[in-house]
Amino acid sequence: QFSAQAESVAREIFSAPHVEMASHSYSHPFNWRKASAGSDGEAYNLRLPGYQFDLQREIEGSIRYIERQLAPPGKKVRLFLWTGDCIPGRDALVWAQRVGVMNMNGGDTIATRSRSTVTQVEGLGLERDGLFQVFAPNQNENVYTNEWRGPFYGFERVIETFEFTETPRRLKPINIYFHTYLTTKLAGMRSLDKVFSYAMAQEISPVFASDYAKKVEDFARVSVSRTATGWRVRGVEHVHTLRAPAVLGVPQIRASESVGGFSQRGEDVYVHMAGASAELLFAPIEPTEVRLVSANARIESIQKTTTGYRWNLIGHVPLEFTLAHADNCKVRAAGRDLVATRSADGHTHYKITSHAARPLEATCRS
């Protein structure tokens, strides 16, 4: 019996346009037999009569099985999760690339209040002989429950990891990663409820895990260079937010290119962009013109107008967004006037039921 939050997430996954995950083995803690004695308890395998390991069968075979037998017609697998020790060889990465799916898993981000150090925050992934393994942003319940030996409520501590990797600067996204056997224990079920409740209470912009993997691979290709007046950014086809130190000043939206807004968080400025490149200019004083502060959607494009801006936003859930300096602006989405849900500290917040706004337009009086 799943909790209400878990059921809601499951419905969203199976109604999505593609399947996010395929895994080359199914692991359940009570089906495994120890193959050899080891002090670290690692050498486990599931004994299948006549089985011979074959990467093509494990990777391509499991993907095709899901697409033919489990997924609705036309629904495709986009992401392959490594299992076991999550250390694929280059030959495994080659097969994932060959069948056209992103890959993810591994890493060891376990920073909590009792391990409050960035040495407990893993990198984005690992290069393996010219190919790239994308690490899972956060770890599953196995880590937090002492390898499923207890405490079975331990997964709730992933909230501490979420908090540590958000403040004072964002290092990781929220990623709720668990095995279904977590719900076989009442304490596990309750921990999952706490984790989902925490996540849903945050200002989040949901993305598919395969989209996250694309962002990670983009990160390795991004180039940032100085210009005579500011900064030039290239290679950001999937990465649409950059973090800049506040000492650079405030982004000048009107003078920049492919920049739709920004959000200030402590000593950092998160700059929102569209497209695969951008030109950034900074100045000491913030302009008083309207700008996009935040949105739970991706910016497809930005257009400057004589009286404001047009943004094309596309997301996966009903849109919520915040504008700054919009008091003298008429805000419209898809040709309809919008009424703000609340205003405070120069920020105006809006909600609409649609997952997209093409366009979202702010027309302002001077």
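Per chain, residues are indexed from 1 in the order of the written sequence. Only residues with pLDDT of at least 70 are given local features in this predicted model, and only at 80 or more are side-chain atom pairs given and counted; all residues enter the totals for whole chains, interfaces and linings. As a convention, hydrogens and water are excluded, and side-chain values are obtained from all of the structure's heavy atoms.

1. Here we look at helix α6 (residues 186-200)
A run of H or I in DSSP counts as a helix once it spans at least four residues, and a run of E counts as a strand once it spans at least two, with each numbered from the N terminus. Residue count minus one, scaled by 1.5 Å, sets the expected span of a helix. Over its 15 residues, α6 runs 21 Å from end to end, which matches the ideal 21 Å to within 8%, given 1.5 Å per residue. All of the buried residues along α6 are G188, M189, S191, L192, V195, F196, Y198 and A199. Throughout, exposure labels follow a simple rule: accessible area from a 1.4 Å probe, protein chains only, divided by the maximum for the residue type, with under 20% read as buried, over 50% as exposed, and the rest as partly exposed.

2. Some thoughts on helix α2 (residues 55-70)
The terminal C-alpha atoms of α2 lie 21 Å apart, and with 16 residues this matches the ideal 22 Å at 1.5 Å per residue to within 8%. A residue's bend is simply the angle between two axes: one fitted to the seven residues ending at it, one to the seven starting at it. Largest kink in α2: about 35°, centred on G61. In the analysis that follows, any N or O atom pair within 3.5 Å is treated as a polar contact, provided that within protein one partner can donate a hydrogen and the other can accept it, and provided that, for residues neighboring in sequence, both atoms belong to side chains. Here α2 starts with a cap whose side-chain oxygen sits 3.3 Å from the backbone nitrogen of Q56, and that cap is D54.

3. Focus: the packing of aromatic side chains
A pair of Phe, Tyr and Trp rings is counted when the ring centres sit within 6.5 Å of each other, with Trp represented by its six-membered ring. The angle between the planes then sorts it: under 30 degrees is stacked, over 60 is edge-to-face, the rest tilted. Scanning the model with the defined rule gives eight aromatic pairs in all. Here Y144 and F155 contribute two aromatic rings whose centre-to-centre distance is 6.1 Å and whose plane-to-plane angle is 70°, an arrangement assigned as edge-to-face. Taken as a pair, Y144 in helix α4 (residues 141-144) and F155 in the loop between α4 and α5 (158-164) lie far apart in primary sequence, eleven residues in all. Neither Y144 nor F155 differs from the other in exposure class; each is buried. Each residue in the set W148, F152 and Y181 is aromatic and connected to the rest through ring pairs, giving one cluster. The ring of F262 is capped by R291, whose NZ or CZ atom sits 3.8 Å from the centre of that ring. Counting as a charge over the ring demands two things of the Lys NZ or Arg CZ atom: a distance within 6 Å of the ring centre and an angle within 35 degrees of the ring normal.

4. Re the sheet that holds strand β18 (residues 308-314)
By definition, the strands of a sheet pair up through backbone hydrogen bonds, in either a parallel or an antiparallel sense. Strand order in this open sheet of five strands is β17-β18-β24-β20-β21, and the pairing throughout is antiparallel. One side of each edge strand has no neighbouring strand; the edge strands of this open sheet are β17 (298-305) and β21 (336-337). Two strands pair under a simple rule: DSSP has to find at least two bridges between them. Both strand β20 (residues 329-333) and β21 contribute to a ladder of two bridges, which runs antiparallel. Bridge assignment links R332 to a residue of β21, and that residue is D337.

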